[in-house]
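Single-letter residue listing:
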Amino acid sequence: MLVQDKVQMLLPIAIGDYTDFFSSMYHARNCGIMFRGPENAINPNWFHLPIAYHGRASSIVISGTDIIRPRGQGHPSGNSPPYFGPSRKLDFELEMAAVVGPGNELGKPIDVNEAADHIFGVVLMNDWSARDIQAWEYVPLGPFLGKSFGTTISPWIVTLDALEPFSCEAPKQEPPSLPYLAEKTSRNYDINLEVSIRPAGQGDSHVVTKSNFKHLYWTITQQLAHHTINGCNLRPGDLLGTGTISGPEPDSLGCLLELSWNGTKSVTLGGTSRKFLEDGDEVIFSGFCKGNGYIVGFGSCSGKILPSLP
Ligand SMILES: O=C(O)/C=C/C(=O)CC(=O)CC(=O)O
Ligand SMILES: [Ca+2]
Ligand SMILES: [Mg+2]
């Protein structure tokens, strides 16, 4: 046995492909209210299929790896042209991710009721997001450079077997999903999640949100079944992010975009405050399940923001 602090953690898998879903209704609704207003907050398709984008596997890094503030084109306001420079709206996204194994052959979808047999386990994941870059580039094809500069995961994979004692009923889906997504039993897991930020030079980190995996509307088994329904093959080590896991309460929102309501209010951090991340901030995710006399821990998923290139 080795003391955790004395070893260097590495990525637990070789990640061939990475997909990121958008499966918390609270997160989808909040983003929609901010970007489209309350009447059209959630697009009609959202309630019929687990929405996702194809992410970038090459920039997935292990917890503890620094993240360089990305540069890019920022969203013009009014009639002004777009600007180029360091992101002014750098954010974290509190997520978990399923690690695929064994996966399927090309052309042979995985049945939703057998999907759990193709998920080896789960990790914590931070889908770092540059909101100004993302807002300008994402129509009509989805996120691109606003998210591909870095994604952090925790160092060990907690198997679904280890999570079984913490399984709980998933939210009721209304309208009912199409038959290929209808599960005989639809399960989530009760996993406590927490995000804290340690500003540069401070010893203490400050908790900014607490959420729970059980808030996901689309389950990870529905995500996997949907991903393969067109015949797409998933391979061992592929990573399926859940999407930002926001809960219903104001202190359970999974990103600063929501917590600061797109920079219109401040989030307190001890003696200071944030709307988006500043250079030197260390963002630390933790996750655990509390059993009877024991804990299943996910370790931490952390990263510090370094200044952008000149
Ligand atoms: O509702 C929209 O138009 C946009 C939503 C987002 O951009 C949220 C997002 O970043 C997706 C994610 O959680 O990864
Ligand atoms: Ca995401
Ligand atoms: Mg990312």
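Not measured: the values here are computed from a predicted model.

Asks: An account of the side chain of Glu95 is needed here, citing residue identities and associated values.
Replies: Residue placement: Glu95 occurs in strand E8 (residues 94-100). Within the local environment of Glu95, its side chain forms a polar contact with the backbone nitrogen of Gly243, the two atoms lying 2.9 Å apart. When residues no more than four places from it in sequence are discounted, the contact partners of Glu95 are Asp20, Leu124, Met125, Asp127, Gly241, Thr242, Gly243, Thr244, Ile245 and Phe285.

Asks: If you had to explain the coordination of the calcium ion (ligand 2) to someone new, which residues and values would you point to?
Replies: Distances from the calcium ion (ligand 2) to its protein donors, Asp20 (OD), Glu93 (OE), Glu95 (OE) and Asp127 (OD), fall at 2.2 to 2.3 Å. As a motif over one chain, the donors of the calcium ion (ligand 2) read D-x72-E-x1-E-x31-D. Residue Asp20 is found in strand E1 (residues 18-21), and its partner Asp127 is found in the loop between strand E9 (119-126) and strand E10 (129-130); the two are separated by 107 residues along the sequence. Given a relative accessible area of 0%, Asp127 falls into the buried group.

Asks: So what about the coordination of the magnesium ion (ligand 3)? Which residues, and what values?
Replies: For the magnesium ion (ligand 3), the protein coordination sphere consists of Asp127 (OD), Lys147 (O) and Thr151 (OG1), at 2.0 to 2.7 Å. Donor residues for the magnesium ion (ligand 3) sit on one chain with the sequence pattern D-x19-K-x3-T. With Asp127 in the loop between E9 and E10 and Thr151 in strand E11 (residues 151-153), the pair connects residues that are 24 residues apart, well separated along the chain. Each member of the pair, Asp127 together with Thr151, is buried.

Asks: Hey, could you go over the UniProt feature "binding site: Ca(2+)" (unreviewed entry) in the protein chain for me, with residue numbers and the actual values?
Replies: The UniProt record annotates "binding site: Ca(2+)" (unreviewed entry) at Asp20, Glu93, Glu95 and Asp127. The annotated residues occupy 108 residues of the chain but converge on a single region, no pair of C-alpha atoms lying more than 11.2 Å apart. The subset of the named residues that lines the largest pocket consists of Asp20, Glu93, Glu95 and Asp127. Relative accessible area serves as the criterion here: at 1%, Asp20 is assigned to the buried category. Apart from residues lying up to four places away in sequence, Asp20 is in contact with Ile51, Ala52, Tyr53, Glu93, Glu95, Met125, Asp127, Gly241, Thr242 and Gly243. Mapped onto the fold, Glu93 is located in the loop between strand E7 (90-91) and E8. The contact partners of Glu93, leaving out residues within four places of it in the chain, are Asp20, His27, Met125, Asn126, Asp127, Ser129, Arg131, Lys147, Thr244, Gly254, Cys255 and Phe285.

Asks: Describe the layout of surface pockets, and please don't skip the residues or the numbers.
Replies: Approximately 830 Å³ is the volume found for the largest pocket. If you trace the largest pocket, you find 39 residues lining it, with Phe22, Phe35, Gln134, Tyr138 and Pro143 closest to the centre. Of all the elements in the fold, those that place two or more residues in the lining of the largest pocket are E1, helix H1 (25-36), strand E2 (52-54) and helix H2 (131-137). Residues that form the lining of the largest pocket fall into these classes: 19 nonpolar, ten polar and ten charged. What the second largest pocket holds in volume is close to 310 Å³. Every residue lining the second largest pocket is counted, 16 residues in all, and those nearest its centre are Ala116, Thr185, Arg187, Tyr189 and Thr221.

Asks: Got a sec to walk through the pattern of salt bridges? Specific residues and values, please.
Replies: Pairing is possible between side chains of opposite charge, provided their charged atoms come close. On inspection of all chains with the given rule, the structure shows eleven salt bridges. Residue Arg131 pairs with Asp91 through a salt bridge whose shortest N-O separation is 2.9 Å. Of the two residues, Arg131 sits in helix H2 while Asp91 sits in strand E7, which places them 40 residues apart along the sequence. Residue Glu278 pairs with Arg274 through a salt bridge whose shortest N-O separation is 3.8 Å. A residue is classified by how much of its surface remains accessible, and Glu278, at 41% relative accessible area, is partly exposed. Residue classification places Arg274 among the buried residues on the basis of a relative accessible area of 6%.

Asks: Could you give an account of the side chain of Asn104, naming the residues involved and the relevant values?
Replies: Looking at the element boundaries, Asn104 is found in the loop between E8 and E9. For Asn104, a relative accessible area of 12% gives the class buried. Here the side chain of Asn104 touches Lys108 through a polar contact of 3.1 Å, landing on its backbone oxygen. At 2.7 Å, the side chain of Asn104 forms a polar contact with the backbone nitrogen of Leu234. Ignoring any residue separated from it by four or fewer positions in sequence, one finds Asn104 in contact with Pro109, Ile110, Thr228, Cys232, Asn233 and Leu234.

Conventions we followed
- Residues numbered from 1 in each chain as written.
- Chains lettered and ligands numbered in written order.
- Predicted model: local features only at pLDDT ≥ 70, side-chain atom pairs only at ≥ 80, totals over all residues.
- Heavy atoms only, no water.
- Helix = DSSP H or I, 4+ residues; strand = E, 2+ residues; numbered from the N terminus.
- Polar contact = N/O pair within 3.5 Å; in protein donor to acceptor, adjacent residues only side chain to side chain.
- Contact = heavy atoms within 4.5 Å.
- Donors = N, O, S within 2.8 Å, 3.2 Å for Na, K, Ca; no water.
- Buried < 20%, exposed > 50% of the residue type's maximum accessible area, 1.4 Å probe, protein only.
- UniProt positions renumbered as here; feature names shortened; annotations may be inferred.
- 1 Å grid on protein atoms, 1.4 Å probe; cavity = no way out; pocket = protein on both sides within 12 Å on 5 of 7 lines; lining within 4 Å.
- Points joined across faces, edges and corners; volume = space filled by probe spheres on them.
- Nonpolar A, V, L, I, M, F, W, Y, C, P; charged D, E, K, R; others polar.
- Salt bridge = Lys/Arg side-chain N within 4 Å of Asp/Glu carboxyl O.

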